[in-house]
Every structure is written in C-alpha cells, then in structure tokens.
Amino acid sequence: MTKKLYLETHGCQMNVHDSEKASYALAGAGYELTSIPTEADLILLNTCMVREKAARKVYSRIGELKRQHVEKSPSTGLPIFGVMGCVAQAEADRMFDRNKDIRLVLGTQAIGKLPELVSQLEDGFSRAIDIRLTKNAEFFELDADVRKTEHVAFITITEGCNKFCSFCIVPFTRGRERSRSADKIVAEAKSLAEHGFKEVHLLGQNVNSYGLSGLYHGNSVNEEADVLGEVTFAKLLERVAKESGLPRIKFTTSYPRDFDEQIVKVIDEHENLCEWIHLPAQSGSNRILRAMRRGYTREEYLHKIAAIKNAKKDLAITGDMIVGFPGETEEDFNETLSLAAETEYDGLYIFKYSPRPNTPAAAYTDSIPEEVKTERFLKLQELQMRIQAQRYGRYVNRTVEVLVEGESARSPEDCFGHTRCNKVVNFPAPKHLIGSLVNVKVTQAKNHSLYGHLV
Ligand code: SAH
Ligand code: F3S
C-alpha cells in the first residue's frame, strides 16, 4: 500500500532542491506526495532560519497541522511529524521536548537516511534523529527523471559555507563547504538537458568558491579536480556551458570576495550563460562590513560591480542588504543607500538584522532599536523602488526570451515565466506553450514584473 507524504518547504532554492531529494528518498520507501496534509501518513516541514522567530513558527505550524488532522479524522492515529532543514539542524533534540508530536528531526546532511529513520518510526520507535555534520559528507545524487520541479532544475555544486559572516547561521546549519565533482555536475546538466529541461540553476551558499575547499569525488575520481583550486567556478561554468546542451544556465549565490572577472568573461563568451548575477553586498559601510566579517570593502565590491557593468552582455544584478546591524550609525546607513544607488540593483532583498543563536553578532551589545531598523528598511526600499522602476523600464519595447513556466496567478488568459535576466514576465499565451522558450515584446514595466505579448 502506498503511504502519503505531505512536504512543506520554506526558504531558499537549496531547500526546494532538498525537498525534491527527500521526496525521492521516501518514494523508495513507498511514500507518494500529497498536497492535502490531512490525508498524510508522514508530514515533513523543511525549515528556514533566515526569517525571524523561525523555530517558533515551526512549532505553531505543527500544532495547526495536528488540529486539522484531529478535526478531520478524530478516530485515526496521528501522522508522523518530522522537521528537516536549518531549524532541525540548529534546534536538534530540543525539538522533541518543545513539541511532543515531533517524532523525526533530520539534519541538513541526513536526507539519505530518511527511509531508514522513517522505517524505524513505522516499526514503533517513538523518535528518530540524525543531525550529524561531517567535513566530507557525501552529496545526495538526484537523477533527472525523478525531479519535482518543472522546466527549471536545480543542480547542487557546493554545500555548506566556510565564511562565517558574523550574522549568519548557515555555517552552523549546513556545515563545512564541500564541492561536488565537476564530472558529476556536468553529467547531471547533460542529463537534465536530455530530459527536456530548458534552464538549470547551479546552487551553493557561495558558488564562486567552488573547488577551493573539500572537493568530493564520489565514486568516480575526477582526475582534473584532484588538486583543490584547479577547477575554479569559472572553469566549471565554462564546462557546463560547453558540454551540457542546456539553453539557459543561471547560478546563485555569488560572494563578492570570491567573484572574479574571469566569471564575467566566461558569461560573455557563452550564449547559454544567462544575464543575471546575484551578488549580495549586505552593507555599504566599510565599518559594518568589517563587523560582519565579510572580507571585502565597499570599494572592492564596487570594483566587481564595475566589471559586471563592463561586460559585453547587459547583465542584471540583484543583491541582499541587511539594515540595522549592531552599531550601524546613520552615516553607515547612508553608505548603504549610496552603494545601492551606485550599483543600481535590478532587485534587492532587504532584511532587518535579527540575531541568530550562536553567531558572533548575536553577542554584540550595540543593537539598533526596532523602529530605526524599520525606518531604514523603508528608506532603502523606497530608493530601490525608484531604481527598479528605471531598471525594469529599460526593457519596455525590447523583445526578451521567456521560459514559459505556467498559468499566471492573476489571469487565466495569461502565462508567466522568467527572462534570462531572471525577471518575471506575464503575457497572454495558449497553455500548450508552457515549458517552451518564447520571445515576448515588453509593453509595460511594473514594480516587480514585466508585461508584454508574444512575437
Ligand atoms: N550565501 C547564502 C546566504 C544565506 S542567508 C545564499 O546563498 O543566499 C540569505 C540572506 O539572508 C543573506 O544574504 C542576508 O542578507 C540575510 N541574512 C542572513 N542572516 C541574517 C540575519 N541574522 N539577520 C538578517 N538578515 C540575515
Ligand atoms: Fe552566510 Fe556569509 Fe556563508 S552570509 S552563507 S556565512 S557567505
């Protein structure tokens, strides 16, 4: 009998990809995905810690799902409740104490253990946990034919992070950085192309440091990559561009210190490398960048931005910015505003600083009042909306290539998709075009999307 899995994913693309991996692992144990939580035998929450009060939200969500189940079928037993992702890794066995219904806590490196742990629970064990982090944890391999995402596929190239920015929990929840063998990455990209995927995203917390630490060869030793640092990110990108046969290749996230001009050069040289770079600055103030332990200055960051702007291709730039980091003065914040103005981001994710357990910044005492954070957030957002209006406005009357991803949420006559520069476009189109690449003439720029018609 097939059992039902309800899997809810929060957070970044890595979590989306991990959820695909988890549902594949559990398919082997007889679990089929359902979108209806009340009919599930196993409920898994894949969690994120970037949002504030993330852990608390996990507990309240589990309480809510439990209530729904009890209302719908009061006489049957509860499903197995499990938590995976960054909250699971950070909260560990404390989760069992805080909510007695949680029976499974799965760390970020334990997806391959899912079937075994779940079968222990089915056999009557009350709880199961695996939160080990090791330096050379293996990558979970996922074949092209078992993907859950449509049209766009994710490829892991690195996992973990060694940067230890002072505000960030990721090095603690995802462990040390490891790079996957270039041969395996290229083989996966090829296979995804053969299975009809039009676009892939190469994923890592810091993709630019690919090959610089903990190269993992898997079963097939990759001669070329035997020496750390020999296959750089730029070289990997070039191989994927040349060998995969994929029409569109994107990557995220870039890290300013490790991002180099070689990457821009490779993007310029290969038609299938897309016109989009996500390069978070976090702050425009050198004083704050130092306190964040980012390892670069404002001037160095802007130097990389200049290289991107000097590319032959017209590249879109997006970023992340934190406001209200401990000790951030009005002057520091003004530096952030001016850096955003100079960079002219196509999109900017703005975060109000909030302390994460165990991170060095959490112990900093000079915290910024909430209302000041909000004020700065709104001010930066307002500036960004002005810049964005221009950046989006540039595309009006241009024809852009769009990967048609589905029916628009707003209007059933419209489809939506992304440009090569990663902007959302809505346009009237027949549904049979979903999954294909089309050309759209842009007629209108909105705050966060473009509108146009097929050409
Ligand atoms: N390198 C990662 C970054 C993960 S966190 C990546 O691939 O995206 C994503 C973003 O969340 C960061 O860039 C940062 O802007 C924000 N963030 C991280 N920790 C934060 C904190 N403690 N408070 C506020 N924002 C934070
Ligand atoms: Fe976090 Fe800095 Fe790594 S933001 S993911 S520690 S590069």
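Residues numbered from 1 in each chain as written. Chains lettered and ligands numbered in written order. Predicted model: local features only at pLDDT ≥ 70, side-chain atom pairs only at ≥ 80, totals over all residues. Heavy atoms only, no water.

J.: Tell me about the site of ligand 1, residues and numbers included.
T.: As a matter of local geometry, ligand 1 sits amid 14 residues, with Gln205, Thr253, Gln282, Asp320 and Ser354 nearest to it. Between ligand 1 and glutamine 282 there is a distance of 2.7 Å, counted from an oxygen atom to a side-chain nitrogen or oxygen. Isolated, ligand 1 exposes 540 Å² of accessible area, and the fraction of that covered by the protein chains is 87%. If you list the elements that add at least two residues to the shell around ligand 1, you get strand S14 (316–323) and strand S15 (347–352). (Near = heavy atom within 4 Å. Polar contact = N/O pair within 3.5 Å; in protein donor to acceptor, adjacent residues only side chain to side chain. Areas by Shrake-Rupley, 256 points an atom, 1.4 Å probe, with all protein chains shown as cover. Helix = DSSP H or I, 4+ residues; strand = E, 2+ residues; numbered from the N terminus.)

J.: For the packing of helix H11 (residues 298–309) against helix H12 (residues 330–343), give the residues involved together with the corresponding values.
T.: At a closest axis distance of 10 Å, the pairing of H11 and H12 adopts a crossing angle of 15°. By the angle class used here, H11 and H12 are roughly parallel. At the point where H11 passes H12, the crossing takes the right-handed sense. Contacts between H11 and H12 involve Arg298, Tyr301, Leu302, Ile305 and Lys309 from the first element and Glu335, Ser338, Leu339, Glu342 and Thr343 from the second. (Axes fitted to C-alpha atoms, helices over the stretch in contact; angles between N-to-C directions. Parallel < 35°, antiparallel > 145°, perpendicular 65-115°, else oblique. Left-handed = near helix turned anticlockwise from the far one by under 90°. Contact = heavy atoms within 4.5 Å.)

J.: I'd like a rundown of the site of ligand 2, residues and numbers included.
T.: Residues in contact with ligand 2, as listed here, are Cys161, Lys163, Phe164, Cys165, Phe167, Cys168, Val170, Pro171, Gln205, Tyr255 and Arg294. Taken together, the residues of the shell around ligand 2 sort by class into 8 nonpolar, 1 polar and 2 charged. (Nonpolar A, V, L, I, M, F, W, Y, C, P; charged D, E, K, R; others polar.)

J.: Pulling in residues and values, what's your account of helix H9 (residues 261–269)?
T.: Every buried residue belonging to H9 is among Ile263, Val264, Val266, Ile267 and Asp268, and all of these are buried. The elements touched by buried residues of H9 are helix H8 (233–243), strand S12 (248–252), strand S13 (276–278) and H11. (Buried < 20%, exposed > 50% of the residue type's maximum accessible area, 1.4 Å probe, protein only.)

J.: Which residues make up the domain arrangement of the protein, and what values do they have?
T.: When its domains are assigned, the protein resolves into domain 1 (3–130), domain 2 (136–274) and domain 3 (399–454). Averaged C-alpha coordinates put domain 2 and domain 3 at centres separated by 27 Å. At the interface, 12 residues of domain 2 touch 12 residues of domain 3. Both sides of the domain 2 and domain 3 interface together cover about 900 Å² of buried area, and 53% of this is carbon and sulfur. Of all residues in domain 2, His151, Lys198 and Arg248 bury the most surface against domain 3, accounting for 59% of the area lost on that side. At the boundary of domain 2 and domain 3, one finds 2 salt bridges. Between glutamate 401 and arginine 248 there is a salt bridge, with the nearest N and O atoms lying 2.8 Å from each other. Applying the counting rule to domain 2 against domain 3 returns 6 residue pairs in polar contact (both at pLDDT 80 or more). Breaking the side of domain 2 that touches domain 3 down by element, the ones donating at least two residues are strand S10 (199–203) and S12. (Domains from an automatic or database assignment. Buried area = accessible area lost by both parts, 1.4 Å probe. Salt bridge = Lys/Arg side-chain N within 4 Å of Asp/Glu carboxyl O.)

J.: Now, about the packing of aromatic side chains: what can you tell me, with residues and values included?
T.: This structure, assessed with the given rule, holds 8 aromatic pairs. Ring plane angle 70° and centroid distance 5.2 Å describe the contact between phenylalanine 325 and tyrosine 353, whose orientation is recorded as edge-to-face. Of this pair, phenylalanine 325 sits in the loop between S14 and H12 while tyrosine 353 is found in the loop between S15 and helix H13 (370–393), placing the two residues 28 residues apart along the sequence. Given the relative accessible area of 6%, tyrosine 353 is considered buried. An aromatic cluster is defined as three or more aromatic residues linked by ring pairs; in this entry it consists of Phe167, Phe325, Tyr353 and Tyr364. We note arginine 178 situated over the ring of phenylalanine 139; from NZ or CZ to the ring centre the distance is 5.2 Å. Above the face of the tyrosine 392 ring, lysine 423 is positioned so that its terminal group lies 5.1 Å from the ring centre. (Phe/Tyr/Trp six-rings, centres within 6.5 Å; stacked < 30°, edge-to-face > 60°. Lys NZ or Arg CZ within 6 Å of the ring centre and 35° of its normal.)

J.: Any details on the pattern of salt bridges? Residues and values, ideally.
T.: Enumeration according to the criterion identifies 35 salt bridges in this entry. With its nearest N and O atoms 2.4 Å apart, the salt bridge here joins arginine 147 to glutamate 188. Here arginine 147 is found in the loop between strand S6 (128–130) and strand S7 (152–156), whereas its partner glutamate 188 is found in helix H7 (residues 182–194), with 41 residues between them in sequence. For glutamate 188, a relative accessible area of 10% gives the class buried. Three or more residues joined by partner-sharing salt bridges are found here, namely Glu141, Arg147, Arg180, Lys184 and Glu188.

J.: Quick rundown of the sheet that holds strand S20 (residues 449–454)? Include the residues and the values.
T.: With mixed pairing, the 5 strands of this closed barrel are ordered in space as S16-S17-S18-S20-S19. Between one strand and the next, the sheet's axes are offset by a mean angle of 50°, whatever the strand orientation. (Pairing = 2+ DSSP bridges.)

J.: Can you lay out the side chain of histidine 201 for me, pointing to particular residues and giving the numbers?
T.: Tracing the backbone through its elements, the reader meets histidine 201 in strand S10. Judged by its relative accessible area of 5%, histidine 201 falls in the buried class. A distance of 2.7 Å separates a polar atom in the side chain of histidine 201 from a polar atom in the side chain of glutamate 199. The contact partners of histidine 201, leaving out residues within four places of it in the chain, are Gln13, Val152, Ala153, Phe154, Ile155, Lys250, Trp276 and Asn422.

J.: For the environment of alanine 341, give the residues involved together with the corresponding values.
T.: Among the secondary structure elements, alanine 341 is positioned in helix H12. The residues contacting alanine 341, other than those within four sequence positions of it, are Leu383 and Ile387.

J.: Just give me the short version of the packing of H12 against H13, but keep the residues and values in it.
T.: Running from amino to carboxyl end, H12 crosses H13 at an angle of 15°, the nearest separation of the two axes being 10 Å. Accordingly, the angle class assigned to the pair H12 and H13 is roughly parallel. Judged by the twist between their axes, the crossing of H12 over H13 is right-handed. In this structure, H12 uses Glu330, Phe333, Thr336, Leu337, Ala340 and Ala341 to contact H13, whose residues at the interface are Arg376, Lys379, Leu380, Leu383 and Ile387.

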